[in-house]
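This is what each chain is made of:
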Amino acid sequence: MGSRAGYEYRYGFAAAYGGVLPLKTFGWRKKLFFEIRTNFILRKRISKEEEVIIGSERFDMILGDDFEDPTYLILWIKPRLKSYWIIPSDEIDLLLSGAFDFAKQCSSNDNDNLVIPAVVNLEICTVQIEGESIDDAFDRAISGECLEPIFLMLNFSGRNDEINKLVPSELQRFLNTRLDKVRVEDLDEGLSLMNECSICLRSPIVGSRISVLPNCGHAFHSHCIVRWFILSNLCPLCSCPGHYFPVSQDFPYLSSY
Ligand SMILES: [Zn+2]
Ligand SMILES: [Zn+2]
């Protein structure tokens, strides 16, 4: 549990796994199968407070049961949880250490199965503030669509989905690590970088990330320009080169993942 003004998060652990465990790849060594299930929620202030789910995402990783500490779990999962930007860094460490301890406990209680599932149910909640319209609350709500595409961040896991394979790996690396991204901590500072993103027509909010293109100085939300750059090398405003990597030829419509 935790919060910052207008946002809250909470989480719990469960031993259930809803999908099909990839048993074949496992051999005979016991494995811990971590799955992060995130619901993005908007809490409305009406006569009785109401929560609606505005998006969700899942991702997972596998760790050998013989690992003694959660270092790798933290290393691999933390970047995504950090991109939700409302959970403090040390709280993410606590969450993932907790998930690790939970899985180890489940494992030591289970002598029948080779795959031990451990689910983190995480809720990232945007709370409508007193006097704020629901549209304004929705505009600053955290959801999968206002984050960078999850597959770009998780391609280290070796469990890429089909979409991932459609984006050339040099381009993935560029979008992931070399494209400049500034987190907006102060709204005036954010507005000085970018008044409005011309891809989505929204203004920056505290927490959003902004990319300023080095060649022309035009600025966009990082999550918007990343999706754009998967399909095109050119700045959407002035058509000067934004990167020099091969783009994806057959990527599906970009707002739906
Ligand atoms: Zn945008
Ligand atoms: Zn430009």
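Just so we're clear, the structure is a prediction, and the values are computed from it rather than from any experiment. (Residues numbered from 1 in each chain as written. Chains lettered and ligands numbered in written order. Predicted model: local features only at pLDDT ≥ 70, side-chain atom pairs only at ≥ 80, totals over all residues. Heavy atoms only, no water.)

Concerning the coordination of the zinc ion (ligand 2)
Distances from the zinc ion (ligand 2) to its protein donors, Cys216 (SG), His218 (ND1), Cys235 (SG) and Cys238 (SG), fall within 2.0 to 2.3 Å. Between the 4 donor atoms coordinating the zinc ion (ligand 2), the angles at the centre fall across 103 to 116°, so the site counts as tetrahedral. Between the donor residues of the zinc ion (ligand 2), the gaps in sequence give the motif C-x1-H-x16-C-x2-C. One end of the pair, His218, is in the loop between strand 7 (209-212) and strand 8 (219-221); the other, Cys235, is in the segment after helix 8 (222-231), and 17 residues separate them in sequence. Residue His218 is classed as partly exposed on the basis of its relative accessible area, which comes to 26%. Cys235 gets classed as buried once you look at its relative accessible area, which sits at 2%. (Donors = N, O, S within 2.8 Å, 3.2 Å for Na, K, Ca; no water. Tetrahedral: all angles 85-135°; square planar, octahedral: opposite > 155°, others 65-115°. Helix = DSSP H or I, 4+ residues; strand = E, 2+ residues; numbered from the N terminus. Buried < 20%, exposed > 50% of the residue type's maximum accessible area, 1.4 Å probe, protein only.)

Some details on the environment of Ala14
Mapped onto the fold, Ala14 is located in strand 2 (residues 7-14). Note on Ala14: relative accessible area 23%, which makes it partly exposed. Residues Ala14 and Val119, 105 residues apart in the sequence, show an inter-C-alpha distance of 5.0 Å. Contact partners of Ala14, with chain neighbours within four places excluded, come to Phe102, Pro117, Ala118, Val119 and Asn121. (Contact = heavy atoms within 4.5 Å.)

Considerations on the coordination of the zinc ion (ligand 1)
On the protein side, the zinc ion (ligand 1) has Cys197 (SG), Cys200 (SG), His221 (ND1) and Cys224 (SG) as donor atoms, found 2.1 to 2.3 Å from it. Angles of 93 to 117° at the metal separate the 4 donor atoms of the zinc ion (ligand 1), which places the site in the tetrahedral class. Along the chain, the residues that donate to the zinc ion (ligand 1) are spaced as C-x2-C-x20-H-x2-C. Placement of the pair is Cys197 in the loop between helix 7 (187-193) and strand 7 and His221 in strand 8, with a sequence separation of 24 residues. Grouping residues by exposure puts Cys197 and His221 together as buried.

Considerations on the sheet that holds strand 7
Read across the open sheet, the 3 strands follow the order 6-7-8; overall the sheet is antiparallel. Each edge of the open sheet carries a strand with a single partner, namely strand 6 (182-183) and strand 8. As defined by bridge partners, strand 6 adjoins strand 7 across 2 bridges and the pair is classed as antiparallel. Residue pairing in the sheet places Val182 in a bridge with Ile210 of strand 7. On top of the sheet, helix 8 reaches strand 7 and strand 8; it is set at about 95° to strand 8, its chief contact. (Pairing = 2+ DSSP bridges. Axes fitted to C-alpha atoms, helices over the stretch in contact; angles between N-to-C directions.)

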